[in-house]
Amino acid sequence: AALIKQAHPDWSPAALKSALMTTAYQEVTLADGTTQSIPFDFGSGHIDPNRANDPGLVFDITAAEYDAFSCGIGSPDVSQSRCDELQSSGLSFEPADLNQPSIALSRLTSERTVTRRVTNVAENSESYSVEVEAPAGIDVQVSPATLTLAPGETASFDVTFRHLSGPLDLYRFGSMT
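In short, a report on the structure. Note that the structure is predicted; figures quoted are calculated from it, not measured.

### Topic: the sheet that holds strand β7 (residues 154-163)
Piece 1. An order of β1-β2-β7-β5 is seen for the 4 strands of this open sheet, with the pairing classed as antiparallel. Either end of the sheet is taken by a strand with one partner, and the two such strands are β1 (57-58) and β5 (138-143).

Right under this line is the structure:
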């Protein structure tokens, strides 16, 4: 993170974390050298600092969004008056709605949509098309499926998860590239 911060001193901690997470590689095995690991073993993956220096897109988080998250989990660090202010402004208190590269949903029984916001930190206009590896028994749709952003431009996209089959108490993993 320190190397990336030196190259991009204006990036927020959330943007730095996003760059590290979205450019990490996940071809990681367990200590035996042959057993494929799962996300509980590697998190976002193995950091690739060269790729993280130019991630293309970053997910950033505002102070108000962090406060709304804190209100949602009942943190005593944010006053009730601040939570009331954030609620009246329309910010979501749902932890899954915090604008970060990962998405975690618990007990998905039907359908849930989360919105994510990305900013192009590349020096040129870029187009990005999504590729989804859906978790078993879950349908995942991203809209729009392609974003074209000028340098510094920000856009949002929706990710809709629909439970199709399988037990509700089972961890399932997927990915969006």
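From this point, things continue past the structure.
### Re the packing of aromatic side chains
Piece 1. In this structure the tally under the stated criterion is 3 aromatic pairs.
Piece 2. Note on Phe-40 and Tyr-171: the rings are 5.0 Å apart at their centroids and 85 degrees apart in plane angle, and the pair reads as edge-to-face. With Phe-40 in helix α3 (residues 39-42) and Tyr-171 in the loop between β7 and β8 (175-176), the pair connects residues that are 131 residues apart, well separated along the chain. There is no split in this pair, since Phe-40 and Tyr-171 are both exposed.
Piece 3. When the ring of Phe-59 is compared with that of Phe-157, the centres are 6.4 Å apart and the planes differ by 75 degrees; the resulting orientation is edge-to-face. Of the two residues, Phe-59 is situated in the loop between β1 and α5 (63-72) and Phe-157 in strand β7; the sequence distance between them amounts to 98 residues.
Piece 4. Overall, Phe-59 belongs to the buried group, its relative accessible area being 10%.
Piece 5. Here the aromatic residues Phe-40, Tyr-171 and Phe-173 are joined through ring pairs into a cluster of three or more.

### Digging into the state of the cysteines
Piece 1. Tallied over the entire structure, the rule returns 1 disulfide.
Piece 2. Two residues, Cys-71 and Cys-83, share a disulfide whose sulfurs are 2.0 Å apart. Taking the sign of the torsion about the S-S bond as the criterion, the disulfide between Cys-71 and Cys-83, at about -95 degrees, is left-handed. Of this pair, Cys-71 sits in helix α5 while Cys-83 sits in helix α6 (residues 80-88), placing them 12 residues apart in sequence.
Piece 3. Given the relative accessible area of 13%, Cys-71 is considered buried.

### Regarding the nonpolar core
Piece 1. Counting residues in hydrophobic clusters, the biggest one holds 15 residues, and the most contacted among them are Val-118, Leu-147, Leu-149, Phe-157, Val-159 and Phe-161.
Piece 2. Sorting the residues of this core by element identifies β2 (111-120), β5, β6 (146-149) and β7 as the ones contributing at least two each.
Piece 3. No other element matches β7, which puts 4 residues into this core.
Piece 4. Counting 8 residues, the second largest nonpolar core, distinct from the first, contains Ile-4, Trp-11, Leu-16 and Leu-20.

### Let's talk about the layout of surface pockets
Piece 1. Volume-wise, the second largest pocket comes out at about 190 Å³.
Piece 2. Forming the walls of the second largest pocket are 13 residues, and the residues nearest its centre are Glu-65, Leu-91, Asp-97, Leu-98 and Asn-99.
Piece 3. Contributions of two or more residues to the lining of the second largest pocket are made by α5 and β2.
Piece 4. Classifying every residue of the lining of the second largest pocket gives 4 nonpolar, 4 polar and 5 charged.

### Topic: helix α2 (residues 13-22)
Piece 1. Here α2 lies mainly inside the structure; 7 of its 10 residues are buried.
Piece 2. When we look at burial in α2, the residues that qualify are Ala-14, Ala-15, Leu-16, Ser-18, Ala-19, Leu-20 and Met-21.
Piece 3. Considering only its buried residues, α2 is in contact with α1 (2-7), α4 (49-52), β1 and α5.

### Some thoughts on the pattern of salt bridges
Piece 1. Taken as a whole and judged by the stated rule, the model has 6 salt bridges.
Piece 2. Among the ionic pairs, Arg-162 bridges to Glu-111, the shortest N-O distance being 2.8 Å. Placement of the pair is Arg-162 in strand β7 and Glu-111 in strand β2, with a sequence separation of 51 residues.
Piece 3. Arg-162 sits in the partly exposed class, given a relative accessible area of 31%.
Piece 4. A residue is classified by how much of its surface remains accessible, and Glu-111, at 44% relative accessible area, is partly exposed.
Piece 5. Each of the salt bridges in this network shares a partner with another, and the network as a whole consists of Asp-67, Arg-82 and Glu-85.

How each quantity is defined
- Residues numbered from 1 in each chain as written.
- Predicted model: local features only at pLDDT ≥ 70, side-chain atom pairs only at ≥ 80, totals over all residues.
- Heavy atoms only, no water.
- Pairing = 2+ DSSP bridges.
- Helix = DSSP H or I, 4+ residues; strand = E, 2+ residues; numbered from the N terminus.
- Phe/Tyr/Trp six-rings, centres within 6.5 Å; stacked < 30°, edge-to-face > 60°.
- Buried < 20%, exposed > 50% of the residue type's maximum accessible area, 1.4 Å probe, protein only.
- Disulfide = S-S within 2.5 Å.
- Core = buried A, V, L, I, M, F, W, Y, C linked by side-chain atoms within 4.5 Å.
- 1 Å grid on protein atoms, 1.4 Å probe; cavity = no way out; pocket = protein on both sides within 12 Å on 5 of 7 lines; lining within 4 Å.
- Points joined across faces, edges and corners; volume = space filled by probe spheres on them.
- Nonpolar A, V, L, I, M, F, W, Y, C, P; charged D, E, K, R; others polar.
- Contact = heavy atoms within 4.5 Å.
- Salt bridge = Lys/Arg side-chain N within 4 Å of Asp/Glu carboxyl O.

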